[in-house]
Amino acid sequence: MTDISVFEEKESQVRSYCRKYPVVFDRAVNALLFDSEGNRYIDFLDAAGSMNYGHNNPEIKKAVLDYLSDDRIINALDMYTVAKAEFIETFNRDILAPRGLDYKTMFCGPTGTNAVEAAVKLARKNTGRTEIIAFGGAFHGMTLGALSLTTDRLSREGAGLPLTNVTHVPYDMTPGLDSIRYLRWVLGDDHSGTDKPAAIILETIQAEGGINVASVSWLKEVREICDEQGIIMIVDDIQVGNGRSGDFFSFERAGIVPDMVVLSKSISGFGMPMSILLIKPQLDIFRPAEHNGTFRGNQLSFVGGTAGIKFFVNHKLDKEVKRKAVIIESFIKEQIMPIDPRLEYRGIGFIWGIDMNNISPSLALKCVHKAFENGLICEVAGRNDGVLKLMPALTVEDSILEEGLEIVRKSIISALDE
Ligand SMILES: Cc1ncc(COP(=O)(O)O)c(C=O)c1O
């Protein structure tokens, strides 16, 4: 099947990524995708960070296949199961305990946005306050509560009703604005016009917002402000958790402990739907069934998630990410930046952005098209969609990583030449 007409004729026009890569994908192995005609593509999109451990990772696949072949239970709502027990035990023993973290795990509906909804609901319930502070450039999901935190205009315009009860404050390093001073003013001045919030929610690295990496000092100050004012700090680690930043949790580099953490995307290990909210025990006050949902018990996600954690730990993936991040950054600095002095880049670990806004925002999309023609899948992000976003699987082979980066370089040159 190679024809895309069935999608164009019968699938809703809301579809998005497929428009940039108009082929029919079929197979996927680690950091490579293959279309139905067997053409090979290097994947620097990684299903938006859902496939951190590679497509069809053999160790994780084996665990999933073994589970399936034994007639084990697949959907169990939130009933107790062996698969869920193993996930909770492995996550606590191998991830939380070694980091000195003590969280209760809440299994939410299967998408990231549902866990964000749970986080803000729970923050409001704990504090009795309604307002939330989020940051310019934030992306937290598309359901109404999460959408009120999300900032990009196109997404917000889809809401169809006012998005309320959120104050947006400039993120770290917003040009010309001192984020922490502004935040302190909003919270401290009794004439700022902003009610005290239940929570401050943030991404330590804004992914959809254009690969904006918050500084350690900024993250520590936000933590301090939350402590001083009795505000709940929520870290949305949906896209940059699970090793993407070079640590399992993206906030580890700042040495802070959020009150709640949201994880999804790669937490299921194998690209299956799953999201969790980590909650400091004293905040765990939902009544039974107060945030219910049918698909909070996808056992294949638990099995994949357990195998994914074991893979992360056994292969010391955090060290691998830090090693290979140097390859990416050196290439960008030495091979891509010299192409044009107006290019800028940002990133950490395995998430990098090349900002083209100083040349022309539309250049980034042109590069995506050129890269696709040259056999590489990547995406745009940020203001005006002007940032080329590079996000390979953490398991990508060095040679494929270098081949992909070379395609990025060539694509920028040919897009600039047009
Ligand atoms: C940081 C962040 N939060 C929330 C979401 C929403 O997750 P989902 O698309 O699974 O609802 C995303 C998705 O890209 C994200 O990157």
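Basis of the calculations
- Residues numbered from 1 in each chain as written.
- Predicted model: local features only at pLDDT ≥ 70, side-chain atom pairs only at ≥ 80, totals over all residues.
- Heavy atoms only, no water.
- Near = heavy atom within 4 Å.
- Polar contact = N/O pair within 3.5 Å; in protein donor to acceptor, adjacent residues only side chain to side chain.
- Areas by Shrake-Rupley, 256 points an atom, 1.4 Å probe, with all protein chains shown as cover.
- 1 Å grid on protein atoms, 1.4 Å probe; cavity = no way out; pocket = protein on both sides within 12 Å on 5 of 7 lines; lining within 4 Å.
- Sits in = over half its atoms within 2 Å of the grid points.
- Nonpolar A, V, L, I, M, F, W, Y, C, P; charged D, E, K, R; others polar.
- Patch = residues over 30% accessible without salt bridge, like charges linked within 9 Å, V, L, I, M, F, W, Y side chains within 5 Å.
- Salt bridge = Lys/Arg side-chain N within 4 Å of Asp/Glu carboxyl O.
- Helix = DSSP H or I, 4+ residues; strand = E, 2+ residues; numbered from the N terminus.
- Buried < 20%, exposed > 50% of the residue type's maximum accessible area, 1.4 Å probe, protein only.
- Phe/Tyr/Trp six-rings, centres within 6.5 Å; stacked < 30°, edge-to-face > 60°.
- Lys NZ or Arg CZ within 6 Å of the ring centre and 35° of its normal.
- Pairing = 2+ DSSP bridges.
- Axes fitted to C-alpha atoms, helices over the stretch in contact; angles between N-to-C directions.
- Contact = heavy atoms within 4.5 Å.
- Domains from an automatic or database assignment.
- Buried area = accessible area lost by both parts, 1.4 Å probe.
- Expected span 1.5 Å × (residues − 1).
- Points joined across faces, edges and corners; volume = space filled by probe spheres on them.

**With respect to the site of the ligand**
In step 1: Near the ligand, the surroundings consist of Thr111, Gly112, Thr113, Phe139, His140, Gly141, Glu203, Asp236, Ile238, Gln239 and Lys265.
In step 2: Note that an oxygen atom of the ligand is positioned 2.9 Å from one of the backbone N or O atoms of Thr113.
In step 3: Within the complex, the protein chains bury 82% of what would otherwise be the 390 Å² of accessible surface of the ligand.
In step 4: For the ligand, the cavity whose grid points lie within 2 Å of the majority of its atoms is the largest pocket.
In step 5: Of the residues in the shell around the ligand, the class split is 2 nonpolar, 6 polar and 3 charged.

**Overview of a nonpolar patch on the surface**
In step 1: A contiguous nonpolar surface patch, about 250 Å² in accessible area, is contributed by Leu65, Leu68 and Ile74.
In step 2: As for its placement among the helices and strands, Leu68 is situated in helix α4 (residues 58–69).
In step 3: For Leu68, a relative accessible area of 42% translates into the label partly exposed.

**Looking at the packing of aromatic side chains**
In step 1: Inspection of every chain in the model, using the stated rule, returns 17 aromatic pairs.
In step 2: In this structure an aromatic cluster arises from ring pairing among Phe87, Phe91, Phe107, Phe248, Phe249, Phe251, Phe302 and Phe312.
In step 3: Cation over ring: Arg27 sits above Phe34, and NZ or CZ is 5.5 Å from the ring centre.

**Description of the sheet that holds strand β16 (residues 379–381)**
In step 1: Strand order in the open sheet formed by 4 strands is β13-β14-β17-β16, with antiparallel pairing between adjacent strands. The open sheet has two free edges, formed respectively by β13 (344–348) and β16, since each of these has just one partner strand. Each neighbouring strand pair of the sheet contributes to a mean axis angle of 30°, computed without reference to strand direction.
In step 2: Bridging between β13 and strand β14 (residues 351–355) involves 5 bridges; their strand directions are antiparallel. Counted as the bridge partner of Glu344 is Asp355 from β14.
In step 3: This element, helix α12 (residues 317–336), spans β13, β14 and β17 (387–390) of the sheet and lies at about 10° to β14.

**Focus: unusual backbone geometry**
Most peptide bonds adopt trans geometry, and most residues besides glycine take a negative phi value.
In step 1: One non-glycine residue, Met173, lies in positive phi territory at about 65°.
In step 2: Topologically, Met173 is positioned in the loop between β6 (166–169) and α9 (179–188).
In step 3: For Met173, a relative accessible area of 56% puts it in the exposed group.

**A closer look at the domain arrangement of the protein**
In step 1: You can read the domains of the protein as domain 1 (5–56 + 317–417) and domain 2 (72–314).
In step 2: With centres defined by C-alpha atoms, the gap from domain 1 to domain 2 works out at 25 Å.
In step 3: Across the boundary between the two partners, domain 1 contributes 30 residues, which contact 29 residues of domain 2.
In step 4: Between domain 1 and domain 2, a total of about 2,500 Å² is buried, with carbon and sulfur atoms accounting for 54% of that surface.
In step 5: Looking at the side of domain 1 facing domain 2, the largest losses of area belong to Tyr53, Ile348 and Ile351, adding up to 27% of the total buried there.
In step 6: The interface formed by domain 1 and domain 2 includes 3 salt bridges.
In step 7: With a closest N to O distance of 3.1 Å, Lys389 and Glu208 form a salt bridge.
In step 8: Our enumeration of links across domain 1 and domain 2 arrives at 21 residue pairs in polar contact (both at pLDDT 80 or more).

**Thoughts on helix α11 (residues 299–314)**
In step 1: A rise of 1.5 Å per residue sets the reference length of α11, with its 16 residues, at 22 Å; its end C-alpha atoms lie 22 Å apart and thus fit the reference within 8%.
In step 2: Taking burial as the measure, the 16 residues of α11 include 13 buried ones, the bulk of the element.
In step 3: Capping the start of α11, Asn298 holds a side-chain oxygen 3.1 Å from the backbone nitrogen of Leu300, two or three residues further along.
In step 4: Phi turns positive, to about 45°, at Lys316, one or two residues after α11.

**Some details on empty space enclosed by the protein**
In step 1: Inspection of every chain in the model, using the stated rule, returns 1 cavity of 30 Å³ or more.
In step 2: Computed from the structure, the largest cavity encloses a volume of approximately 60 Å³.
In step 3: Every residue along the wall of the largest cavity is listed here: Phe107, Cys108, Pro110, Pro273, Met274, Ser275, Phe295, Arg296, Gly297, Asn298, Ser301 and Phe302.
In step 4: Across the lining of the largest cavity, the residue classes tally to 7 nonpolar, 4 polar and 1 charged.

**Examining the sheet that holds strand β1 (residues 25–29)**
In step 1: Here 4 strands make up an open sheet; going across it, the order is β1-β2-β3-β15 and the pairing mixed. Both edges of this open sheet fall to β1 and β15 (376–377), since each of them pairs with a single strand only.
In step 2: With 4 bridges connecting them, β1 and strand β2 (residues 32–35) associate as antiparallel partners. Within the sheet, the bridge partner assigned to Ala28 lies in β2 and is Leu33.
In step 3: Packing against the sheet, helix α14 (residues 398–417) makes contact with β2, β3 (40–43) and β15, and its axis sits at approximately 95° to β3.

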